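# Remarks on the overall topology
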Amino acid sequence: MANREFDIVLFGATGFVGKLTAQYLAEAAPAGARIALAGRSPEKLAAVRTELGAAAAEWPLVQADSTDQASLDALAARTKVVVTTVGPYLRYGLPLVRACAENGTHYADLTGEPLFIRECIDRFGERAAETGAKIVNSCGYDSIPSDLSVYQLYRRSVADNAGELTDVTLVAWLKGGASGGTIDSGRAMMEAIAEDPAKASVMSHPYSLSPDKSMEPEVGRQSDQALSRASAIDPSLDGWVATFVMGAHNTKIVRRSNGLLGWPYGKNFRYREVMSAGSSATAPLIAAGIAGGIVATMAAGAVLSRVALGRRLIDRIVPKPGTGPSEKSRRSGWFTMRTFAHTTSGAKYVCTFAGKGDPGYQATSVMLGQSGLCLAFDGLPELAGILTPASAMGDALTERLRAAGMTIEVEPA
């Protein structure tokens, strides 16, 4: 890649999260970084570049369209790394992954769509490995905190000679909202399953993204549904926990990391994610409402996606893609993830991963931006193909996010 014209191309720079990522790169990229903005409209790209100020004034603009394979091939051939915010990825993302896999170009996205990642693995995984392309999915709030937390717990257990990981549970606290793009991604997957019901198994099977299911530990049923007292996870916790809406995706990414790294987390590694419902008198009702609401929403969405009237109804009630909260709301958000781990030696650890800003917008733009910078400038393991944040960038990305102001700490529990 030494002769590539650019270090990073940001594809989708005119979208809501794309603009936030462009702004972050303008602030955080090292001097001399060769960054370009890409999208369908040169006029809109120029307007975004103007808003970014002097740091981005000389950034080139690249016209490319997710429906034009030739334009994506040309884009991928010019750069070391493509960072993309153009989703839903299941609808629009596969041609760009193909271009990066063919050209040996590294890639980072924000997908929370297991169906898309499964398609990437099946269609482009071997080619990406051949060309040396690191295709790294889920480089935002989904699923970097989950993936790096477990990876760092593993690293600490090795350093302490504490044995393998066994039962590991992440508990999420956050202040932030769901974006129109995230909801549209969920809708795209529902529509895909409505057209081909066999794809539902990718969503439900805990090892559906595994590089080799036959090598996975046999630890019994692992459900992403939750409703219990928090103290059942760790005595230090109060209140109740419920199903975490992104747990079904994040857990698959964490298990895929384990497989890609050679299953070092352990032969009895079990992993789940839950969300805190608080400790007030109404917490049990809140937890039950969250758990039941997620199941009902998924069921209703799957049914409505099958008929035109249902799709029109969804259009009317959900936030539109490309929309998002005000800057004040984004900056007032926050997230904290605490991951509790047991090991075969009896040792217990907790990893705290926390950050400021709405997790789906402000914090995600930091994580995606740093992922692009990491792929472009850091010495990374030689592993290539369809990867995860931990397997592609583990320690390097952890240090970058710490330097960017996020807390990532592992301590004895």
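Residues numbered from 1 in each chain as written. Predicted model: local features only at pLDDT ≥ 70, side-chain atom pairs only at ≥ 80, totals over all residues. Heavy atoms only, no water.

### A closer look at the sheet that holds strand S3 (residues 61-63)
Strand-to-strand pairing in sheets goes through backbone hydrogen bonds, with the strands running parallel or antiparallel. With respect to topology, seven strands assemble into an open sheet ordered S3-S2-S1-S4-S5-S6-S13, the strand pairing being parallel. Unpaired on one side and paired on the other, S3 and strand S13 (385-387) mark the two borders of the sheet. Between one strand axis and the next, the sheet turns through 20 degrees on average, direction left out of account. In terms of strand pairing, strand S1 (residues 6-11) meets strand S4 (residues 79-84) through five bridges, oriented parallel. Of the residues in S4, the one forming a bridge with Phe11 is Thr84. Contacts from helix H5 (residues 94-103) reach S1, S4, strand S5 (106-108) and strand S6 (134-136), with the element oriented near 150 degrees to S5. (Pairing = 2+ DSSP bridges. Helix = DSSP H or I, 4+ residues; strand = E, 2+ residues; numbered from the N terminus. Axes fitted to C-alpha atoms, helices over the stretch in contact; angles between N-to-C directions. Contact = heavy atoms within 4.5 Å.)

### Considerations on the nonpolar core
Counting 104 residues, the largest nonpolar core has Phe11, Leu37, Phe116, Phe353, Met393 and Leu401 as the members making the most contacts within it. Element by element, the count of residues in this core is highest for helix H14 (residues 362-377), at eight residues. Inspection of this core shows a minimum of three residues originating in each of domain 1 (6-140 + 362-393) and domain 2 (143-356). Among the nonpolar cores identified, the runner-up in size contains nine residues, and Val171, Ile233, Val241 and Val350 belong to it. (Core = buried A, V, L, I, M, F, W, Y, C linked by side-chain atoms within 4.5 Å. Buried < 20%, exposed > 50% of the residue type's maximum accessible area, 1.4 Å probe, protein only. Domains from an automatic or database assignment.)

### Considering the pairing of strand S11 (residues 334-343)
The side chains of a regular strand alternate, first on one face of the sheet and then on the other. Two strands pair when backbone bridges link them, and strand S7 (residues 165-175) and S11 are joined in this way by nine bridges, in the antiparallel orientation. Pairing of Ala172 across the sheet is with Met337, part of S11. Note: S11 against strand S12 (residues 348-356), nine bridges, orientation antiparallel. Along S12, the bridge assignment pairs Ala341 with Tyr349.

### Quick word on the confidence of the model for the protein chain
Interpreting fine coordinate detail is not advised for predicted regions of low pLDDT. Scored by pLDDT, the protein chain has a mean of 91; 89% of the residues are at 70 or more. Ignoring residues within four places in sequence, the model shows residues 299-305, a span with pLDDT below 50, making 12 contacts including any to other chains. (pLDDT = per-residue confidence, 0-100.)

### Digging into the sheet that holds S12
Strand order across the open sheet formed by seven strands is S8-S9-S10-S7-S11-S12-S14, with mixed pairing between neighbours. For this open sheet the edge positions go to strand S8 (227-229) and strand S14 (407-412), each flanked by a neighbour on one side alone. Mean inter-strand twist for the sheet, computed between neighbouring axes without regard to direction, equals 25 degrees. In the packing of helix H7 (residues 144-159) onto the sheet, contacts are made with S7, strand S10 (270-276), S11, S12 and S14, and the angle to S12 comes to roughly 145 degrees.

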